[in-house]
Every structure is written in C-alpha cells, then in structure tokens.
Amino acid sequence: VINPQYMIDLMSCLVSVQNNFIIDGKLYHSDVEKIWKNYDKSLHQWIVKVTEKFDLTFSLPDQNINLVPCLMNETPSNNIDWITYEDNNNKEILKKETKILYQFDYLPSGLFNRAQVRLFQITDNKLIWRYGSLLKKNNHLALVTRNDNTIKVKARGIQPENLIFLIHEVIENLIAESFNGVVFDFSFPCPDCYENSIIDAQRSMISASIVRRATMLKAVFLQCRNYFHVIPLIELHSRM
C-alpha cells in the first residue's frame, strides 16, 4: 500500500462508531453510496472488493449484502444446543467429537473476525456472530468461539479431525500472513482418549509446547494425565 492513511480512512468509514447504516453486521449494497459518500461513485464497487480482500467483509451470494463480523451481535441470534443438534439428512454425523484450544499471549481484535471470514468462504456456514461461528462442512459441524485471548474449536462428525485440521490451517496461515509476532500455544486431545471417546477437558488435552519441549529433550513418549497411558511422541507429532 503506497498510501496507508488513505486505506485507514477508507476502512474507518465502515467500522466507525458513527456508522448508522450497518445493523447486526449487515452491509447492504444499497447503502455503499451513503457510507463512502466522500469518495467518487466510480470507486464504490472497488472499495467493497478491498474490504473483502482484507477479510473485513464477505459477500452473501444473491443477497446484495456483505457481512461485517466485527460489527455483528456479540451473541448468536439463535440458541445453540451443541449436544443435541441433529442433521435431518444424516443423524449419525455427530457421533464423534474432538476439539482444539488456542491460547494467545495477546489476541489482536481483528484476527478472530478475519479467520471467521475465511472459514465462512470455505465451509457451508450455518451461523455467525461477533465472537463465534457454527460451521458445516461435508456433513460435519464445528463450533468456533472466542473468549478474551482464547479461541476454542469443537468439531463433531464421523471424522471431525479433518474439519479441525482445516480450521487449524486457516488460523495458522492467517497469523503467518498478517499477524507476524503473535505468540500462541494450542492443545489437542490425547489420541487414545479421543479414540475411546473419553476426552476430559482438563486432563486429556496435550499442548503443542509440551510436545516440542519433549522433542527437544529427545523423549520418546509422553504420559496422558487422564488415564496415565503413554503416547509415542511420533504419534503426537502427526496429530499436530
């Protein structure tokens, strides 16, 4: 960007507290001319594309609307009953559940919302709000939520680890591209606990930092804190 201030002014028209045209994060294309009234009309379509390029908004096909996650309601419009949720076409898809937990030293405010935009574009989205998304992909569901400096991801389905991997790739790539210097650790379930569906939120999770330290010290196994079985380090690397 040759003129950063120009881009800042452009984006501030959208996220400013003085913007009264966006309700519940919905940017109607009919309001674009009002929001960027100080810019030439010939630039308006380009401006909307710029907000999409920087993951600030994303388009809803055939609805003439762009959603702005950082301006959406803080809580979902509908209650989410994660445990009893069923897909009418396939009630077996929610049979297995896994999770991943990200802990940041500091979580930049825009990181989570930009991740939401990217995930929305590659999944069959079900629901989105400022601090969370309910995603659907290939008959699997994932619940992604943010709380302070923590991002939690839960996935359910026949092979929920595949959806977890997709989400993990999106978050890691986004950090590498646009948030250089952001420090975080992530935890994932012990493989044995996962295979036997006995994941304990406190004792079954294994952090990536522990695996890396064990590798540095040339350990061969790590012990699960849940049932105290041992897991080969090479298997934990494959899960990471």
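Provided above is the structure to which this section pertains.
Read on for an overview of the structure.

Here is what the cut-offs are and how they apply
Residues numbered from 1 in each chain as written. Predicted model: local features only at pLDDT ≥ 70, side-chain atom pairs only at ≥ 80, totals over all residues. Heavy atoms only, no water. Patch = residues over 30% accessible without salt bridge, like charges linked within 9 Å, V, L, I, M, F, W, Y side chains within 5 Å. Areas by Shrake-Rupley, 256 points an atom, 1.4 Å probe, with all protein chains shown as cover. Salt bridge = Lys/Arg side-chain N within 4 Å of Asp/Glu carboxyl O. Helix = DSSP H or I, 4+ residues; strand = E, 2+ residues; numbered from the N terminus. Buried < 20%, exposed > 50% of the residue type's maximum accessible area, 1.4 Å probe, protein only. Polar contact = N/O pair within 3.5 Å; in protein donor to acceptor, adjacent residues only side chain to side chain. Contact = heavy atoms within 4.5 Å. Pairing = 2+ DSSP bridges. Axes fitted to C-alpha atoms, helices over the stretch in contact; angles between N-to-C directions. Phe/Tyr/Trp six-rings, centres within 6.5 Å; stacked < 30°, edge-to-face > 60°.

A cluster of nonpolar side chains, contributed by V220, F221 and V230, occupies part of the molecular surface with about 290 Å² of accessible area. With respect to the helices and strands, the residue V230 is situated in strand β12 (residues 230–232).

Attention now moves to the pattern of salt bridges. Evaluation of the coordinates by the stated rule reveals nine salt bridges. K49 is the salt-bridge partner of E52, the closest N and O atoms lying 3.8 Å from each other. On the criterion of helical spacing, the pair formed by E52 and K49 is a turn pair, its members being three residues apart in helix α3 (residues 44–53). Given a relative accessible area of 48%, K49 falls into the partly exposed group.

By the secondary structure assignment, T150 is in strand β8 (residues 150–157). Among the polar contacts listed, one links the side chain of T150 to the side chain of Q103, at a separation of 2.8 Å. Once residues within four sequence positions are removed from consideration, T150 is found in contact with L101, Y102, Q103, L107 and T145.

A few words on the pairing of strand β7 (residues 140–147). Residues in a regular strand project their side chains so that they alternate between the two faces of the sheet. Here strand β6 (residues 132–137) runs beside β7; their pairing, made up of six bridges, is antiparallel. Pairing of L134 across the sheet is with L143, part of β7. Connecting the antiparallel pair β6 and β7 is a turn made up of two residues, with N138 showing a positive phi of about 50°. Summarising the sheet, β7 and β8 pair through seven bridges and their orientation is antiparallel. Note that in β8 the partner of L141 across the bridge is R156. Taking the residues that link successive antiparallel strands as the turn, the β7-β8 hairpin has two residues, and the phi of D148 there is positive, at about 55°.

Time to look at the sheet that holds strand β9 (residues 184–189). In a beta sheet, neighbouring strands pair by backbone hydrogen bonds and run either parallel or antiparallel. Taken in spatial order, the seven strands line up as β5-β6-β7-β8-β4-β9-β10 in an open sheet, and their pairing is antiparallel. A strand with exactly one partner marks an edge of an open sheet, and here the two such strands are β5 (127–129) and β10 (205–207). Strand-to-strand twist in this sheet, taken as the mean axis angle between neighbours without regard to direction, amounts to 20°. Pairing between strand β4 (residues 96–104) and β8: eight bridges, direction antiparallel. Paired with Y102 across the two strands is I151, which belongs to β8. The strands touched by helix α5 (residues 160–178) are β4, β6, β7, β8 and β9; relative to β4, the strand with the most contacts, the crossing angle is about 20°.

For the rest of this paragraph, the subject is the sheet that holds strand β2 (residues 58–60). In space, the three strands of this open sheet follow the order β1-β3-β2, with antiparallel pairing throughout. Edge positions in the open sheet fall to β1 (26–28) and β2, since each of these has one partner strand only. Each strand of the sheet is rotated relative to its neighbour by a mean of 35°, with strand direction disregarded. Of the pairings in the sheet, the one linking β1 to strand β3 (residues 65–67) comprises three bridges and is antiparallel in character. From the neighbouring strand, K26 faces β3, where its bridge partner is L67.

Right, let's talk about the pairing of β4 for a bit. Pairing of β4 with β9, which is carried by four bridges, proceeds in the antiparallel orientation. In the strand pairing of β9, Y102 is matched with F186.

Before going further, it helps to spend a moment on the packing of aromatic side chains. All told, the structure shown has six aromatic pairs when counted by the stated rule. Here the aromatic rings of F186 and F188 are separated by 6.3 Å at their centres, their planes lie at 40°, and the arrangement is tilted. For the residue pair F186 and F188, the accessibility class agrees, reading buried in each case.

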